[in-house]
Structures are given as structure tokens and as C-alpha cells.
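Listed below are the residues making up each chain.
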Amino acid sequence: MEVIWTGLTSFQKGNLNLIGHTSIWMFFIYGLAFLLEPVHHWIAHLHWFFRGCIWMVLIFCIEFITGYLLRLFGISAWAYDGRFSILGLIRLDYAPLWFTVGLFFEKLHFLLLNYHIGTK
């Protein structure tokens, strides 16, 4: 998803090659997604708007904390800029994106469970 996003961003900047990129560190960060499965079960009864808000806040927290921890070791896997950036670690204008991504991954999680993918 990140490679697609950065590829589309390059298109927005006029690069028709659609070059996307990521850092290998992101695989470890995305691997933390297993920690979100219990959250999905705890909030499943809530209205979609509240669930989206919870996902958005959680994604911001994970992005900020992991980015900060990487920086402690001199690693900058991403660096946001602009007026909505906080310490270059998160961008508040991404809130609608993270809201939507959280709800999308709920649907994907249910789909995988329906096909018994990742279950015993």
C-alpha cells in the first residue's frame, strides 16, 4: 500500500514513471498489525464513525511512536513536512486517510476470517 501511495505521489509531482518506495524498517512496523486484532474485536459493536476515529488515532500513535524510536537510533524511515506535520513523524492532514484505511482493513480482516485464512 505504501509503495502504491508513494508511486501515486510521484505522479502528482509529474513523474509518469510512478516510482514508489519504502523502507525495509516498515515491514517490521507493519508486522505490529497483529496487535490490532484484539482491538478490532473490542470495538466491532461500535458505530463505523467511532471505529474509524479509533483506527485513525491508533495509526497516528503507532506511526509517531515507531518513528520516534527509529530516530533514537539515527534512522529516519520517513520525514513528513508541511504545516500539518508534527516533528516530521505524522501529518494530521492524513487523518481522513487513516480513518478510511482502518475501516478498509476491518473489511479485509472479516473477509480473511470468512475464508479461514490465518486461522487454525
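These lines cover the structure that appears in this document, whether it is placed above or below. (Residues numbered from 1 in each chain as written. Predicted model: local features only at pLDDT ≥ 70, side-chain atom pairs only at ≥ 80, totals over all residues. Heavy atoms only, no water.)

Observations regarding the environment of W25
Short version of the rule: Comment: elements are numbered from the N terminus, with helices defined as DSSP H or I runs of at least four residues and strands as E runs of at least two. Relative accessible area decides the class of each residue, using a 1.4 Å probe on protein chains only: under 20% of the type maximum gives buried, over 50% gives exposed, and in between gives partly exposed. Throughout, a contact is declared for two residues whenever any of their heavy atoms are within 4.5 Å.
Inspection of the secondary structure puts W25 in helix α2 (residues 25-30). On the accessibility criterion, W25 (40% relative accessible area) is partly exposed. The contact partners of W25, leaving out residues within four places of it in the chain, are L70, I75 and A77.

A look at the pattern of salt bridges
Basically, it comes down to this: Salt bridge, as used here, is a side-chain nitrogen of Lys or Arg placed within 4 Å of a carboxyl oxygen of Asp or Glu.
Scanning all chains against the criterion turns up two salt bridges. Close ionic contact of R51 with E106 constitutes a salt bridge, the shortest N to O distance being 2.9 Å. Remark: E106 occurs in helix α5 (residues 95-114) and R51 occurs in helix α4 (residues 48-72); sequence separation between them is 55 residues. In terms of burial, R51 and E106 fall into one category: buried.

Digging into unusual backbone geometry
Backbone geometry at L18 places phi at a positive 55 degrees, although glycine is not the residue there. Turning to its location among the elements, L18 is positioned in the loop between α1 (2-12) and α2. According to the relative accessible area criterion, L18 is partly exposed, its value standing at 45%. Of note, L87 is a non-glycine position whose phi angle comes to about 55 degrees, a positive value. Here L87 is to be found in the loop between β1 (85-86) and β2 (90-91).

Concerning the nonpolar core
Our working rule: Put simply, a nonpolar core is a bunch of buried Ala, Val, Leu, Ile, Met, Phe, Trp, Tyr and Cys residues held in one set by side-chain atoms that sit within 4.5 Å of each other.
Counting 13 residues, the largest nonpolar core has W55, M56, F60 and W98 as the members making the most contacts within it. Every element with two or more residues in this core is listed here: α3 (37-43), α4 and α5. Tallying contributions element by element places α5 first for this core, with five residues. In contact with M56, other than residues within four places in its own chain, are A95, W98 and F99.

A short note on the environment of W98
Formally: Counted as a polar contact is a pair of N or O atoms within 3.5 Å, where, for protein atoms, one must be capable of donating a hydrogen and the other of accepting one, and residues adjacent in sequence contribute only when both atoms are in side chains.
In this structure, W98 sits in helix α5. Sequence spacing of W98 and F60 is 38 residues, and the spatial spacing of their C-alpha atoms is 7.9 Å. In this view, W98 contacts W55, M56, I59, F60, E63 and Y80; residues no more than four positions away in its chain are not counted. Within polar-contact distance, the side chain of W98 engages the side chain of E63 at 3.5 Å.

Some words on α4
Condition: Take the residue count of a helix, subtract one, and multiply by 1.5 Å to get its expected span.
Compared with an ideal rise of 1.5 Å per residue, which puts 25 residues at 36 Å, α4 spans 36 Å between its outermost C-alpha atoms and is within 8% of the ideal. Those residues of α4 lying buried are R51, G52, W55, M56, I59, F60, E63, T66, G67 and L70. Immediately downstream of α4, the backbone of G74 shows phi near 75 degrees, a positive value.

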